[in-house]
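Summary of the model geometry
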Amino acid sequence: MNDTALVDKTSARSPLQKAYHLMMQACGLAAGSIIGIVSIVIVLNVLSRNLGFGSIYGTVEGSEYAIAAATFLAAPWVLYHGAHVRVDLLLQALPNAYGRYLEMGITLLGAMVCLCFGYYLLATGSDALSRGSVVYKSFVFPEWWTFILPTSCFALLTLEFLRRLWRLIRPRES
């Protein structure tokens, strides 16, 4: 199946589809912006050190959190656009009907894995919230904050896998 066909044409979308598309585009834009900002901050940090002004406080830790955030934001966007790595040798070797069932199974498995990760991230974040645990490094903040974005990411990934499964089960009329 051609993954690019899973992204609707703008004119054929319902308001819900348009909102979903905008949310996915926002994820991609945010991820790209974060990578750009991190790149600039790292260059500024290197310049600052080389000019004798010292390191910019929190650059290393902030970059770590930012790159993780960009990764989580980009994942649903990449899947939505079908730009993920995909090895489909078996799908191509099978007759269309069997390949379609295999793809449905793989897509369902992807949704279940993402749902499980999301569930455990939510449970761990809730536990951190109830304990009141705090991260003490360059920055000090409640630990549960670190679970918001990954949990949201896996919710979006689950939704995208289910959307793909729906499209495999009920193909569009040409």
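Just so you know, these numbers come straight off a predicted model, no measurement behind them.

Some remarks on the side chain of threonine 107
As for its position among the elements, threonine 107 is in helix 4 (residues 96-131). Discounting chain neighbours no more than four positions away, the residues touching threonine 107 are Phe161, Arg164, Leu165 and Leu168.

Digging into the nonpolar core
With ten residues, the main nonpolar core is built from Leu79, Ala111, Cys114, Leu121, Ala128, Phe147, Cys153, Phe154, Leu157 and Phe161. Among the elements that line this core, the one with the most residues is helix 5 (residues 145-169), at five residues. Listed in part, the nine residues of the second largest apolar core include Met24, Leu73, Ala74 and Leu156.

Points about the packing of aromatic side chains
All told, the structure shown has eight aromatic pairs when counted by the stated rule. Judged by centre distance (5.1 Å) and plane angle (80°), the rings of tyrosine 119 and tyrosine 120 are edge-to-face. Summarising the burial analysis for this pair, tyrosine 119 and tyrosine 120 share the class exposed. Pairwise contacts between aromatic rings join Tyr65, Phe141, Trp144 and Trp145 into one cluster.

Let's talk about a nonpolar patch on the surface
A cluster of nonpolar residues, Ile40, Val43, Leu44, Leu47, Leu51, Phe53 and Ile56, forms a patch on the protein surface that exposes about 720 Å² of accessible area. Tracing the chain through its elements places leucine 47 in helix 1 (residues 15-50).

A word on the confidence of the model for the protein
Averaged over all residues, the pLDDT of the protein equals 90, while 91% of them reach at least 70. By mean pLDDT, the top-scoring element of the protein is helix 2 (residues 59-80) (96), and the lowest-scoring one is helix 3 (residues 89-93) (81). Below a pLDDT of 50 lies the segment residues 1-5, which in the model reaches eleven contacts outside its immediate sequence neighbourhood of four places, other chains included.

Some details on the pattern of salt bridges
What the rule picks out here adds up to four salt bridges. Glutamate 160 is the salt-bridge partner of arginine 164, the closest N and O atoms lying 3.3 Å from each other. With arginine 164 and glutamate 160 both in helix 5 and four residues apart, this pair spans about one turn of that helix. By relative accessible area, arginine 164 is classed as buried at 5%. For glutamate 160, a relative accessible area of 0% gives the class buried. Within the structure, one salt-bridge network assembled from shared partners comprises Asp127, Arg131 and Glu143.

Points about the side chain of glutamate 61
Following the sequence through the fold, glutamate 61 ends up in helix 2. For glutamate 61, which is buried and forms no salt bridge, the nearest opposite charge comes from lysine 137, at a distance of 5.3 Å. Side-chain polar atoms of glutamate 61 contact the backbone nitrogen of serine 138, separated by 2.6 Å.

Some details on the packing of helix 4 against helix 5
Here helix 4 crosses helix 5 at 160°, and the two axes come no closer than 8 Å. When the axis of helix 4 is compared with that of helix 5, the two are roughly antiparallel. Between helix 4 and helix 5 lies a crossing of left-handed hand. The class makeup of the residues in the contact of helix 4 with helix 5 is 18 nonpolar, seven polar and four charged.

What counts, and where the lines are drawn
- Residues numbered from 1 in each chain as written.
- Predicted model: local features only at pLDDT ≥ 70, side-chain atom pairs only at ≥ 80, totals over all residues.
- Heavy atoms only, no water.
- Helix = DSSP H or I, 4+ residues; strand = E, 2+ residues; numbered from the N terminus.
- Contact = heavy atoms within 4.5 Å.
- Core = buried A, V, L, I, M, F, W, Y, C linked by side-chain atoms within 4.5 Å.
- Buried < 20%, exposed > 50% of the residue type's maximum accessible area, 1.4 Å probe, protein only.
- Phe/Tyr/Trp six-rings, centres within 6.5 Å; stacked < 30°, edge-to-face > 60°.
- Patch = residues over 30% accessible without salt bridge, like charges linked within 9 Å, V, L, I, M, F, W, Y side chains within 5 Å.
- Areas by Shrake-Rupley, 256 points an atom, 1.4 Å probe, with all protein chains shown as cover.
- Salt bridge = Lys/Arg side-chain N within 4 Å of Asp/Glu carboxyl O.
- pLDDT = per-residue confidence, 0-100.
- Lys, Arg positive; Asp, Glu negative; His and termini not counted.
- Polar contact = N/O pair within 3.5 Å; in protein donor to acceptor, adjacent residues only side chain to side chain.
- Axes fitted to C-alpha atoms, helices over the stretch in contact; angles between N-to-C directions.
- Parallel < 35°, antiparallel > 145°, perpendicular 65-115°, else oblique.
- Left-handed = near helix turned anticlockwise from the far one by under 90°.
- Nonpolar A, V, L, I, M, F, W, Y, C, P; charged D, E, K, R; others polar.

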